[in-house]
Amino acid sequence: MPELPEVEVVRRGLESGVVGGTIERVHVRHPRSVRRHVEGAADFEQQLADQRVVGARRRGKYLWLALDSGDAVLGHLGMSGQLLVRPRAAPLERHLRVVFELSEGRDLRFVDQRTFGGLLISREGAELPREMSHIARDPIDPEFDEAAFYAAVRRRRTGVKRALLDQTLVSGIGNIYADEALWAARLHYARPTETLRRSEVERLLDEVRAVMTRALAEGGTSFDALYVNVNGESGYFDRSLAAYGRRGEPCPRCGTPIRRDAFMNRSSYTCPRCQPRPRRGRW
DNA sequence: GCTTGCGCCTGAATGC
DNA sequence: TGCATTCAGGCGCAAG
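This report concerns the structure included in the present document. Every value quoted in this text rests on a predicted model; they were computed, and no experiment measured them.

**So, the pattern of salt bridges**
Here is step 1 of the chain: Counted according to the given criterion, the structure contains 24 salt bridges.
Here is step 2 of the chain: When the shortest N-O distance is used, the salt bridge between Arg209 and Glu146 registers 3.0 Å. Placement of the pair is Arg209 in helix α6 (residues 198-222) and Glu146 in helix α3 (residues 146-155), with a sequence separation of 63 residues.
Here is step 3 of the chain: Connected through salt bridges with shared partners, the residues Glu8, Arg11, Arg12, Glu15, Arg58 and Asp138 form a single ionic network.

Dropping the structure here:
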C-alpha cells in the first residue's frame, strides 16, 4: 500500500507528466471515489473542465494538483489507489474510478481497487487545502518541528505507536513503517508516550526518516515514476523489512522469532527480546 | 478536549 | 471442489 515514499514518487511523476497541461474533461466512473466532494460527481466533472495544472504538491500521504484558478484537486490514495498517466487509447483498467482527459491525447487515471482513496476539489486550496489543515508535517519535511513534536507526544496519554500513526502529530507514517522504525529504535509499540525521553524520540524519528529515505531511494529507481504497484505488496518491501509481516522469522539483530500482536484492528510485529513490553514503573 | 474503536471495501488466503 | 470466513489497511467520525 502506498506510504509516504510511494506518494512522493507519484507526486514527482505528476510534476513531470501533468503539470503544465490542461484538463479538458473529467469522467467520474465510481461516485464513491469523489464522496468527499460534497457537491457531487457532476459538479466535480464540471468544475475541472478546461483547468490548467500549475503544480503537484504533497503533505504526508495527501497529494494535490494546484490549478491556475487557485483551486486544487486534492487526493488520497488510501490503500490501493494509483494515479496513472496513460495514452487515451490505452485499455481501461479494471478498477478505473476517475478519468481526467488531458491535452495532447493523454489521460490521468485514478485507479483504486478498494476505494479507500478519493478525490475532491478544494476551493482556493492551491497552496494548502483547508481540508487537510489538521494534517501535521512529515518527518522528512525541512520545517518539521521536532521539539514541538516531542512536547505534544509527552502530553499524550497513549502508546508510542498510536502517536506515530496519529496524522495530527506527525504525518506520513503507516503501520508498516511504524513497526520498522520501532524495531530499529528498540521501542515496544505500547510504551507510554509520557515516559519517553527526548533522546528516545529523536532516535525514533531518525529511524522513521531512515526507513522512508531507503524506500524513497528504492521506489524512485525500481518503479516507473507514475506506477506504484499496490496489488502485490510492493516488491522492495519484502527485501528490506526487518519486522513487519515476519511472524516467526528470526529477528535480523538477535535471531529471536518475531511475534505478531493484534493492535488497533490490525497487527504489530516486534522482536520480544529487542523490544520488551513495558512494565509499570520500568522502562 | 482527548482517546478509542468502528466501518468503509475488495480480493487473496485460509478453513471446513 | 466449493462455499464461507478472515484478513489487510488509512481515514473520518462517533462514542466513550
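**A word on the protein's contact with DNA strand B**
Here is step 1 of the chain: For DNA strand B, the full set of nearby residues is Arg32, Arg94, His95, Gln113, Arg114, Thr115, Phe116, Arg156, Arg157, Thr158, Arg162 and Asn265.
Here is step 2 of the chain: Looking at DNA strand B alone, sugar and phosphate atoms form 74% of those within 4 Å of the protein.
Here is step 3 of the chain: Here a sugar or linking oxygen of DNA strand B and a side-chain polar atom of Arg32 are 3.2 Å apart.
Here is step 4 of the chain: Contact between DNA strand B and Arg156: a phosphate oxygen at 2.6 Å from a side-chain N or O atom of the residue.

**Considerations on the pairing of strand β4 (residues 72-76)**
Here is step 1 of the chain: Burial of β4 is extensive: four of the five residues sit out of reach of the surface.
Here is step 2 of the chain: Pairing geometry for strand β3 (residues 62-67) and β4, over five bridges, is antiparallel. By the bridge assignment, Leu65 is partnered in β4 with Val73.
Here is step 3 of the chain: Pairing of β4 with strand β8 (residues 118-122), which is carried by five bridges, proceeds in the antiparallel orientation. In the strand pairing of β8, Gly75 is matched with Leu119.

**Examining α3**
Here is step 1 of the chain: By the burial criterion, the buried members of α3 are Phe149, Tyr150, Ala152 and Val153. Mapping the buried residues of α3 onto a view down its axis gives an arc of 165 degrees, with all of them on the same face.
Here is step 2 of the chain: A side-chain oxygen of the first residue of α3 lies 3.2 Å from the backbone nitrogen of Ala147; this N-cap is Asp145.

How each quantity is defined
Residues numbered from 1 in each chain as written. Chains lettered and ligands numbered in written order. Predicted model: local features only at pLDDT ≥ 70, side-chain atom pairs only at ≥ 80, totals over all residues. Heavy atoms only, no water. Salt bridge = Lys/Arg side-chain N within 4 Å of Asp/Glu carboxyl O. Helix = DSSP H or I, 4+ residues; strand = E, 2+ residues; numbered from the N terminus. Near = heavy atom within 4 Å. Polar contact = N/O pair within 3.5 Å; in protein donor to acceptor, adjacent residues only side chain to side chain. Buried < 20%, exposed > 50% of the residue type's maximum accessible area, 1.4 Å probe, protein only. Pairing = 2+ DSSP bridges. Arc of directions from axis to C-beta.

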